[in-house]
Amino acid sequence: MGIDTMSSHQESIHPTKADFAALVLANILLATGPLFVRVADVGPVAAGFWRMALALPVLALLASRGGPIKLTRGLVLALVVSGLFFAADLASWHLGIVRTKLANATLFGNSASLMFPIYGFVVARAWPTRRQGGALGLAAVGAILLMGRSYELSPQNLVGDLLCLLAGLFYTFYFVMIARARTALAPLPLLAISTLASVLPLLLLALALGERIVPSNWTPLILLALCSQLIGQGLMTYVLGRLSPLVVGLGLLAQPVAAALIGVLVFGEHLGLPDLAGAILIGLALVLVRQPDRNAV
């Protein structure tokens, strides 16, 4: 199940409006993750463990209704590796969330929005078309405007920023493995097996760090599992088999927009003209990249 197989599989798929809607909704729900991690009364890595552990029985039940699953050795290896990358992503990101500002965590944690499209262009052995380049440019300017006012580079945030940037790298690797596996497996069993592979590493790391594991308030963790893993990551796994790396990457920038809105609703923050302009530019980038393009990646 190599790169060429993934590329030809994606070229044969014609994305629908529902695919793009699923991408946006996935990122809106994933943007709630940092909030639930911060309010949970367990350690940040332990929160990642419960996100996976609470979602796993539901995913396993749903996946079992689809009938027998044919797994090759290569597919199992890809799913295990994807789970390990996802565990590394969650551990790094959750540790970073509590060591830097939410704006910084969102910005660096979604650096896959740049790295995953680059991977897509390398796979296709092609430069971005004019439309794709324009969409990337609009998205980049929008992200800078949206995050620029609240971003703060300081020694106090350095460790958290680096952890979130590392999480973005691990998330890119996770996307690559899941996109390959999606050529041979449906979203639910794929997500269930990948989730299973990430549970034990997260628990062991949380224990090694001496974190509190058992919560006294389960609500934030249940919401984290529901919004981020079951629905958010479930939809993301689905669209990874339907949309190109460029579109998925740009879709990740919906998370900073959603994070800004969460800041308004939960923390009483105010959006200025740069924030609104950034959100509009990201929206325009998503509209532009949806237009038909013979050379789309």
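Computed from a predicted model, the values in this text were never measured in an experiment.

A. Seen up close, the environment of L23. Along the polypeptide, L23 turns up in helix α2 (residues 17–30). With 225 residues separating them in the primary sequence, L23 and V248 have C-alpha atoms 7.2 Å apart. Residues within four places of L23 in sequence aside, it is in contact with M236, V239, L243, V247, V248 and G251.

B. Focus on the nonpolar core. Formed by 69 residues in total, the largest nonpolar core has its most connected members in F116, Y171, F175, L202, M236 and L250. A per-element tally of this core places helix α4 (residues 44–64) first, with eleven residues. In this structure, Y171 is in contact with L30, F86, D89, G109, A112, Q233, M236 and L252, ignoring residues within four places of it in sequence. By size, the runner-up hydrophobic cluster in this structure holds six residues, among which are W93, I97, A105 and C164.

C. Here's a closer look at the packing of α4 against helix α5 (residues 73–97). Two elements in contact, α4 and α5, have axes whose closest approach is 8 Å; the angle formed by their N-to-C orientations is 140°. By the criterion of interaxial angle, the relationship of α4 to α5 is oblique. Note that α4 runs across α5; the crossing there is right-handed. For the pair α4 and α5, contact is made by P44, V45, A47, G48, R51 and M52 and by F86, L90, A91, H94 and L95, respectively. Classifying every residue of the contact of α4 with α5 gives eight nonpolar, two polar and one charged.

D. The arrangement of the environment of F20 in detail. Within the secondary structure, F20 sits in helix α2. It is 8.7 Å that separates the C-alpha atoms of F20 and V247, two residues lying 227 residues apart in sequence.

E. Here's a closer look at the packing of aromatic side chains. Counted under the stated rule, the structure contains eleven aromatic pairs. Between F86 and Y174, the aromatic rings sit 4.5 Å apart at their centres with planes inclined by 20°, giving stacked as the arrangement. Of this pair, F86 sits in helix α5 while Y174 is found in helix α9 (residues 158–181), placing the two residues 88 residues apart along the sequence. Taken individually, F86 and Y174 each receive the classification buried, so the pair is uniform in this respect. Put simply, the rings of F86, F116, Y119, Y171, Y174 and F175 pair up and form one aromatic cluster.

Rules used in this analysis
- Residues numbered from 1 in each chain as written.
- Predicted model: local features only at pLDDT ≥ 70, side-chain atom pairs only at ≥ 80, totals over all residues.
- Heavy atoms only, no water.
- Helix = DSSP H or I, 4+ residues; strand = E, 2+ residues; numbered from the N terminus.
- Contact = heavy atoms within 4.5 Å.
- Core = buried A, V, L, I, M, F, W, Y, C linked by side-chain atoms within 4.5 Å.
- Buried < 20%, exposed > 50% of the residue type's maximum accessible area, 1.4 Å probe, protein only.
- Axes fitted to C-alpha atoms, helices over the stretch in contact; angles between N-to-C directions.
- Parallel < 35°, antiparallel > 145°, perpendicular 65-115°, else oblique.
- Left-handed = near helix turned anticlockwise from the far one by under 90°.
- Nonpolar A, V, L, I, M, F, W, Y, C, P; charged D, E, K, R; others polar.
- Phe/Tyr/Trp six-rings, centres within 6.5 Å; stacked < 30°, edge-to-face > 60°.

Any functional reading would require information beyond the geometric quantities listed.
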